[in-house]
Amino acid sequence: MSILSLLKSRYDTLSKAETKIANVILAAPESATGMATATLAGKAGVSDPMVSRFCRTLGCSSFPEFKVKLARDLAQKSSFITEAVSTGDSANTIIEKRINANQAALEYLRSHIDAKAVEAAVNLLCNARQIVVAGMGGAAAIAQDAQHKLFRLGIPTVAYDDHLMLRMAAAGAKKDDCFLMFSFTGRTQASVDVAELASASGASLIAITNPASPLARLADVTITSGDELEDTTVYVPMTTRIVILTIIDILATGMTLSQGPDIEPHLKKIKSSLEATKTKPRSKTRKQ
């Protein structure tokens, strides 16, 4: 895991002084790679020894080691994500940058997704009495997309984006229910609360999130959300959203295939029910 991802995942557990250091680094990671210990300590308003203690919290023996890891992460990040759009970019430039970023995100997913985790998630979903899809904030629309795909597969599936509804659903869950939760960072307290309630009820939990987050630690199966691809605390998720929508397609496809040919008549019946809702094509008339 990248040092930035580790820092974000542990942010809520840092001491007050460590949080001040983290805020300086997260505000300008590139600048942090060139800072001396005294400079960082001064900007954060802490002592020099506190910087060293902060680095040890993240598994680094010293601030120089931390900077090396940070520089390596930033270099790797720039290699698979194109530069962000800028004021003054033309429509053609925006199109090119967004398509390139999305293509790079899918390549990232290809190398980071765990096939065993996907198999385990598909198994939990296929054997569930009910699937509860959870996504709040920016993940709400993603949860709806998952519900739209999964409900067709013969397993009752509901989606909630309201915190209170999710708490009630989690508290009333059964042992053979499965919660599918989406959270870009895995650090939203409301999501963690719902996961704890679902776990206490005995339900299984699949989390599409940062693998080192508090939410991931509560999950039976975790699949990366690609959180390190962009700072979702500043920007509306775009690249990360493409990653998660692709994961939904992968899970839905796996579930469909696991059910074999018996699912085909069911899917055909659902599809055929929509025919009556469509207008008839206009007949072409010859010009006189």
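Here the residue index of a chain counts from 1 through its sequence in written order. Residue-level local features of this predicted model are given only where pLDDT is at least 70; pairs of side-chain atoms are given and counted only at 80 or more, and the full residue set underlies all totals for whole chains, interfaces and linings. To obtain the side-chain values, all non-hydrogen atoms of the structure were used and water was disregarded.

## Focus on the layout of surface pockets
Filter applied, for reference: A pocket here means an open set of points on a 1 Å grid, computed over the protein atoms alone, that has protein on both sides within 12 Å along at least five of seven lines. A cavity is instead a set of points where a 1.4 Å probe fits but cannot get out; residues with an atom within 4 Å of a point line either one. Grid points are joined across faces, edges and corners, and a volume is the space filled by probe spheres set on the points. To qualify as a helix, a DSSP run of H or I must reach at least 4 residues; to qualify as a strand, a run of E must reach at least 2; elements of each kind are numbered from the N terminus. The residue classification treats Ala, Val, Leu, Ile, Met, Phe, Trp, Tyr, Cys and Pro as nonpolar and Asp, Glu, Lys and Arg as charged. All others, Gly included, are polar.
Roughly 200 Å³ of internal volume is contained in the second largest pocket. Lining of the second largest pocket is provided by 16 residues; of these, Tyr-108, His-112, Pro-211, Thr-224 and Glu-228 occupy positions nearest its centre. Sorting the residues of the lining of the second largest pocket by element identifies helix H7 (91-112) and strand E5 (221-224) as the ones contributing at least two each. Considering every element that reaches the lining of the second largest pocket, the biggest residue donor is E5, with three residues. Residue composition of the lining of the second largest pocket, by class: six nonpolar, seven polar and three charged.

## Structural notes on the nonpolar core
Counted only if it meets this: Grouping buried Ala, Val, Leu, Ile, Met, Phe, Trp, Tyr and Cys residues that are joined through side-chain atoms within 4.5 Å yields what is termed a nonpolar core. Each residue is placed in one exposure class: buried if its accessible area under a 1.4 Å probe, protein chains only, is under 20% of its type's maximum, exposed if it is over 50%, and partly exposed if it falls in between. The contact rule is simple, with two residues in contact once any of their heavy atoms fall within 4.5 Å.
Core analysis: the largest hydrophobic core is formed by 36 residues, its most contacted members being Leu-180, Phe-182, Ile-206, Ile-208, Ile-223, Leu-251 and Met-255. Residue assignment for this core shows that the elements contributing at least two residues are H7, helix H8 (115-126), strand E1 (130-135), helix H9 (140-150), strand E3 (177-182), strand E4 (204-209), E5 and helix H13 (239-258). No other element matches H13, which puts eight residues into this core. Here Phe-182 is in contact with Val-133, Ala-134, Gly-135, Ala-139, Ile-142, Ala-143, Ala-146, Ile-208, Ile-244 and Ile-248, once residues within four sequence places are set aside.

## A short note on the confidence of the model for the chain
Predicted coordinates in regions of low pLDDT should not be interpreted in detail. Stated precisely, the cut-off is as follows: Confidence scores labelled pLDDT are given residue by residue by the predictor and lie between 0 and 100.
Residue-level pLDDT values for the chain average 88, and 91% of them are 70 or greater. Here helix H6 (residues 63-80) stands out as the least confident element of the chain, with mean pLDDT 75; E3 is the most confident, with 98.

## Describing the side chain of Ser-213
What counts here: In protein, a polar contact requires one atom able to donate a hydrogen and another able to accept it; more generally it is a pair of N or O atoms within 3.5 Å, and residues adjacent in sequence count only if both atoms are side-chain atoms.
Within the secondary structure layout, Ser-213 lies in the loop between E4 and helix H12 (214-218). Of the polar contacts made by the side chain of Ser-213, one reaches the backbone oxygen of Asn-210; its length is 2.7 Å. Those residues in contact with Ser-213 that lie beyond four places of it in its chain are Ser-9, Thr-185 and Gly-186.

## Here's the deal with the packing of aromatic side chains
How we decide: Put simply, two rings from Phe, Tyr or Trp (the six-membered ring, in Trp's case) pair if the centres are within 6.5 Å, and we call them stacked under 30 degrees between planes, edge-to-face over 60, tilted for the rest.
Following the criterion strictly, the structure yields two aromatic pairs and no others. Taking the centre distance of 5.9 Å and the plane angle of 65° together, the rings of Phe-54 and Phe-66 count as edge-to-face. Pair noted here: Phe-54 is in helix H5 (residues 48-57) and Phe-66 is in helix H6, with a separation of twelve residues, a long-range link. One exposure class covers both Phe-54 and Phe-66, and it is buried. On the numbers, 6.1 Å between centres and 20° between planes, the contact of Phe-63 with Phe-66 is stacked. Here Phe-63 pairs with Phe-66, and both are found in helix H6, just three residues apart, close to one helical turn. A residue is classified by how much of its surface remains accessible, and Phe-63, at 3% relative accessible area, is buried.

## Structural notes on the packing of H8 against H13
Put simply, the test is: Whenever a helix is involved, its axis is fitted only over the stretch in contact; in every case the axis is a line through C-alpha atoms, and angles between N-to-C directions fall within 0 to 180 degrees. Orientation categories follow fixed angle ranges, with anything under 35 degrees roughly parallel, anything over 145 roughly antiparallel, 65 to 115 roughly perpendicular, and all other angles oblique. Crossing handedness is defined as follows: a turn of the near helix away from the far one that is anticlockwise and smaller than a right angle gives a left-handed crossing, while the clockwise case is right-handed.
The contact between H8 and H13 brings their axes to 9 Å, and the two run at 60°. One finds that H8 runs oblique with respect to H13. Seen along the crossing, H8 lies across H13 with a hand that is right-handed. Across the interface between the two elements, Val-118, Ala-121, Val-122, Leu-125 and Cys-126 of H8 pack against Ile-250, Leu-251, Gly-254, Met-255 and Ser-258 of H13.

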